[in-house]
Number of protein chains: 2
Amino acid sequence: MEAPSSGPVREFFLPELPRTLPFRYHPKAAQIEFASNGWVREYLADCFASESELLFFLRQRNGLYGPLTIPDAGAGRARDVADWYQFVTVIDTFVSDRTGLGADLDDALAVFGSIVSDFIPDQIPGQIRGRPRATAADEPRVDQVAYGRAARDLWRRISAGLSRAQTQRLVTALADFLRGCATEIDTKLAGAVPDYETCLAVRLDSFGCDFIELMTEYGAEVDLSDLRTELAEVHDHCRRQMIIVNDLLSWRKEHAQDDPMTVVRVLVEHDGLPLQAAVDRLCELVAWHEREYTRTRDALLAGPLGARADVRAYLGAVDLLMGGSQEFEYLTPRYFGDGAVWDGSTSGWIDLHAPVTRFRPTPLTTDERAPLIPLPTDERLPAGDHPPGGS
Amino acid sequence: MEAPSSGPVREFFLPELPRTLPFRYHPKAAQIEFASNGWVREYLADCFASESELLFFLRQRNGLYGPLTIPDAGAGRARDVADWYQFVTVIDTFVSDRTGLGADLDDALAVFGSIVSDFIPDQIPGQIRGRPRATAADEPRVDQVAYGRAARDLWRRISAGLSRAQTQRLVTALADFLRGCATEIDTKLAGAVPDYETCLAVRLDSFGCDFIELMTEYGAEVDLSDLRTELAEVHDHCRRQMIIVNDLLSWRKEHAQDDPMTVVRVLVEHDGLPLQAAVDRLCELVAWHEREYTRTRDALLAGPLGARADVRAYLGAVDLLMGGSQEFEYLTPRYFGDGAVWDGSTSGWIDLHAPVTRFRPTPLTTDERAPLIPLPTDERLPAGDHPPGGS
């Protein structure tokens, strides 16, 4: 544990990450984002306590995650995937919120069970379809109704473009994601910080890796359900690179929300590294997984599977997934605070206490250590409520 | 003047506008917007009182106006034009601000004189270049220095792609824009509401019509300096359509800022129409100018000038300018309030009192007439400070 003489650590320096993988915005990214915002309003507005809370969410620009991660997909599929990611990000938002789904594990499990149940198509075996709705009260919660209606709309649109094997993977992936979310709630309520591999195992679920890969197939219009084993090593490096990049770029938010399930916190609180050393170590891991991803991908392409056009298309799409996911994480105000606007910078000092932060070329001076701007009225977790990580 | 029994008018209904002209986003719109935000930070940050004020401006997404109005231009020119529009929008912002450039006409004229002077290239005749810097104090204001440095950067980048005739038009256009801004400041400080044609004459300058057409040429890589007369009728309908659309979509903001120089206010306060009747009349004018634009454009294309490839390219670009400008005005939080996020809707009830408004499918109920969300801390002109227009 670190104990710097100048008081609690409130800043760290994020170096330039390698970014060896390409990224592109979908040519209709802007229109897709706006239309997807309309879909969130139509289907999920009831999950938010007020218009103000809904706008708070929409300002995070989560509707760009789809257009950035499947930039070469047709506009229809890109829009479907944009709405999908908004849907799971709404769930993730309320899981992180101790006044929302994150307040009570049983309540969350009831809602999650209902979502999976609503998501089940008629053609899926009865042992899943028949699962009863476990609600805490007689009437379903208003957010539960909204999630169910949204899930059915997404199911209707997306399943038409999936094979039978892919539809079964999608149902399982959603259930795994919700299980990961539930574990995160449980861990957070218990306040425990796990070891690195335990944390990653949960994050692989709660990050939605299975459905991210499936959405990448959907965007590329391929079905690689028969190659899960052959792709496992490539996927492992892809997933770990994406999760570590996410945990680095979202650390300011996770820190403010006191989230124990991030690799930054694991290295600081479980392994005892000072914050900056933990960040530097994770940057090395990003570079390593990115190199190993490229090496294993190239090995696959050089072998017999490289002769398959669908494999080549998919692996090109995974490159863009990784590059686009990282681009999104720089730009979203979800991580740097409501009201942040990205100016294209990708490295610098990050102030854990600023309600709206940015990459700064130099550390804060003594004078600057007061908050830069007043807290927005709907910033629900003021940074000052929590001790900085690693101290 | 209207005097409804239910109290001051605080809402109006905006019908669907015809939108007969095409629009597209530049394929690199997102990247251009982020990079242009970085340019504003680098060159114009000193014009803003604080980081918070800079972010307030950047949240308006003015960096999208270029990519939306010249969507087919090369990425380099689209970026130049994006930065240009950010530059003039910063000026326009402080002209509207009674604590900024809008506070004092003499101060503003000194800054404007300095901007034009900084903008003058060496090859322009001496009678403009030699204009002395009229500063109110010995040292130039900090914003004056920033505007000058930004103007020189834009000049360096853009003038390389312009003919001699176009460079002279650009200098004149900037001077006309600043003259229009000065007239708006003067009128606003006097509190007078002009008649329709007087208002439009000022707006044609302050809206920047001359440089908007020039930037459209720049994006299309053509030089139509020899055809100003032949294009005059087409341009007149284009300009009036754009200004009326702008005044309709920005009315909530202009109303909150008590701006007398808008056609909405002219019809209400000078011509005595009730607000809704004024809006309906302006919607008819938009449709009429759009039809007349199309008719005069087609007549030009059917005549001898239609044989010129540069004319055809330019007129196609003007279609996209008009369509793209309108798309921008729906999406910018500049008009619907800091914190607004567009959901793709283009018609509905607009609440003049809401700090963050949107197109609502129905008018406010009595219960909803309280503000929807708390005012942002940096909303500098709370709507409640001003009486609603037309009452």
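Values in this document were obtained by computation on a predicted structure and should not be read as measured data.

A few words on the overall build of chain A. Secondary structure summary: chain A contains 16 helices and two strands in total. For chain A, the residues scored as buried account for 62% of the 391 residues in total. Here the contacts in chain A between residues at least 6 apart in sequence split such that 77% fall between residues at least 24 apart. Surface exposure of chain A reaches about 14400 Å², of which carbon and sulfur atoms provide 53%.

Two copies of a chain can be linked by a rotation about an axis combined with a shift along that same axis. Overlaying chain A on chain B yields an RMSD of 0.0 Å, the required transformation being a rotation through 180° with an accompanying axial translation of 0.0 Å. Such a combination of turn and shift is consistent with a two-fold rotation axis. Of the C-alpha atoms belonging to chain A, the one lying closest to the rotation axis is found on Pro27 of chain A, 2.4 Å away. Looking at chain A, 100% of its interface residues are interface residues in chain B too, so the copies touch through the same face.

So, on to helix α8 (residues 164–190) of chain A. With 27 residues, α8 of chain A extends 39 Å from end C-alpha to end C-alpha; this agrees with the ideal 39 Å at 1.5 Å per step. Just beyond α8 of chain A, the residue with positive phi is Gly191 of chain A, at close to 75°.

Once that is clear, we can look at the nonpolar core. One finds Trp84, Phe87 and Tyr147 of chain A together with Trp84, Phe87 and Tyr147 of chain B to be the most contacted residues of the largest nonpolar core, which totals 240 residues. Excluding residues that lie within four positions of it along the chain, Phe87 of chain A makes contacts with Trp39, Leu44, Ile115, Tyr147, Ala150, Ala151 and Leu154 of chain A.

Another point: the pattern of salt bridges. Residues and elements named next belong to chain A. Evaluated as defined, the whole model comprises 70 salt bridges over all chains. Across the salt bridge formed by Arg156 and Asp153, the nearest N and O atoms sit 2.7 Å from each other. Of this pair, Arg156 and Asp153 both sit in helix α7 (residues 142–159), three residues apart, roughly one helical turn. The exposure class assigned to Arg156 is exposed, which follows from its relative accessible area of 54%.

Next up on the list: the packing of aromatic side chains. On inspection of all chains with the given rule, the structure shows 32 aromatic pairs over all chains. An angle of 40° between the planes, with centres 6.5 Å apart, marks the rings of Phe34 of chain A and Tyr25 of chain B as tilted. Linking Phe34 of chain A in helix α1 (residues 29–44) with Tyr25 of chain B in the loop between β1 (11–14) and α1 (29–44), this pair reaches from one chain into another. Each member of the pair, Phe34 of chain A as well as Tyr25 of chain B, carries the same accessibility label: buried. A centroid spacing of 6.1 Å and a plane angle of 50° characterise the contact between Trp84 of chain A and Phe87 of chain A, whose relative ring orientation is tilted. One end of the pair, Trp84 of chain A, and the other, Phe87 of chain A, are both in helix α4 (residues 75–95), three residues apart, so they sit about a helical turn from each other. Given a relative accessible area of 0%, Trp84 of chain A falls into the buried group. Look at Phe87 of chain A and you get buried, because its relative accessible area is 0%. Grouping aromatic residues by their ring pairs yields a cluster made of Tyr65, Trp84, Tyr85, Phe87, Tyr147, Phe177, Phe211 and Phe328 of chain A.

What follows is about the interface of chain A and chain B. Listed by partner, the interface residues are 26 residues for chain A and 26 residues for chain B. In this assembly, chain A packs against chain B so that about 2700 Å² is buried in total across both faces, 65% of it on carbon and sulfur atoms. Summed over the three residues of chain A that lose the most area to chain B, namely Phe34, Val341 and Asp343 of chain A, the buried surface amounts to 23% of that side. On inspection of chain A and its partner chain B, the count reaches four salt bridges. Here Arg358 of chain A ties to Glu51 of chain B by a salt bridge, and the two come within 3.2 Å at their closest N and O atoms. Taken together, chain A and chain B are joined by eight residue pairs in polar contact (both at pLDDT 80 or more).

This paragraph deals with the environment of Tyr335 of chain B. Residue and element names in this part refer to chain B. Counting through the fold element by element, Tyr335 comes out in helix α16 (residues 333–336). Remark: the alpha-carbon pair of Tyr335 and Leu249, spanning 86 residues in sequence, is separated by 6.9 Å. In this structure, Tyr335 is in contact with Asn246, Leu249, Ser250, Arg252, Lys253 and Glu329, ignoring residues within four places of it in sequence. Here the side chain of Tyr335 touches Asn246 through a polar contact of 2.8 Å, side chain to side chain.

Let us now look at the confidence of the model for chain A. Residue and element names in this part refer to chain A. Per-residue pLDDT for chain A has a mean of 86; in total, 88% of the residues score no lower than 70. Low pLDDT, under 50, characterises residues 1–5; the stretch is placed with nine contacts to residues that sit more than four places away or in other chains. This stretch, residues 123–135, has a pLDDT under 50; its non-local contacts, to residues over four places away or in other chains, come to 19 contacts. We note a pTM of 0.89 for the whole complex and an ipTM of 0.87 for its interfaces.

Residues and elements named next belong to chain A. Phi is positive for Arg61, close to 65°, though the residue is something other than glycine. Residue position: Arg61 is located in the loop between α2 (51–58) and α3 (65–69). Residue Arg61 is classed as buried on the basis of its relative accessible area, which comes to 12%. We note that Glu221 has phi near 55°; this positive angle belongs to a residue other than glycine. Positionally, Glu221 belongs in the loop between α10 (209–220) and α11 (232–249).

Residue and element names in this part refer to chain A. Tracing the chain through its elements places Thr332 in the loop between α15 (309–331) and α16 (333–336). On the basis of relative accessibility, which here comes to 1%, the residue Thr332 falls in the buried class. Side-chain polar atoms of Thr332 contact the backbone oxygen of Gln60, separated by 2.7 Å. Apart from residues lying up to four places away in sequence, Thr332 is in contact with Gln60 and Asn62.

Conventions used here
Residues numbered from 1 in each chain as written. Chains lettered and ligands numbered in written order. Predicted model: local features only at pLDDT ≥ 70, side-chain atom pairs only at ≥ 80, totals over all residues. Heavy atoms only, no water. Helix = DSSP H or I, 4+ residues; strand = E, 2+ residues; numbered from the N terminus. Buried < 20%, exposed > 50% of the residue type's maximum accessible area, 1.4 Å probe, protein only. Contact = heavy atoms within 4.5 Å. Areas by Shrake-Rupley, 256 points an atom, 1.4 Å probe, with all protein chains shown as cover. Least-squares fit on C-alpha atoms with pLDDT ≥ 70 in both. Expected span 1.5 Å × (residues − 1). Core = buried A, V, L, I, M, F, W, Y, C linked by side-chain atoms within 4.5 Å. Salt bridge = Lys/Arg side-chain N within 4 Å of Asp/Glu carboxyl O. Phe/Tyr/Trp six-rings, centres within 6.5 Å; stacked < 30°, edge-to-face > 60°. Buried area = accessible area lost by both parts, 1.4 Å probe. Polar contact = N/O pair within 3.5 Å; in protein donor to acceptor, adjacent residues only side chain to side chain. pLDDT = per-residue confidence, 0-100.

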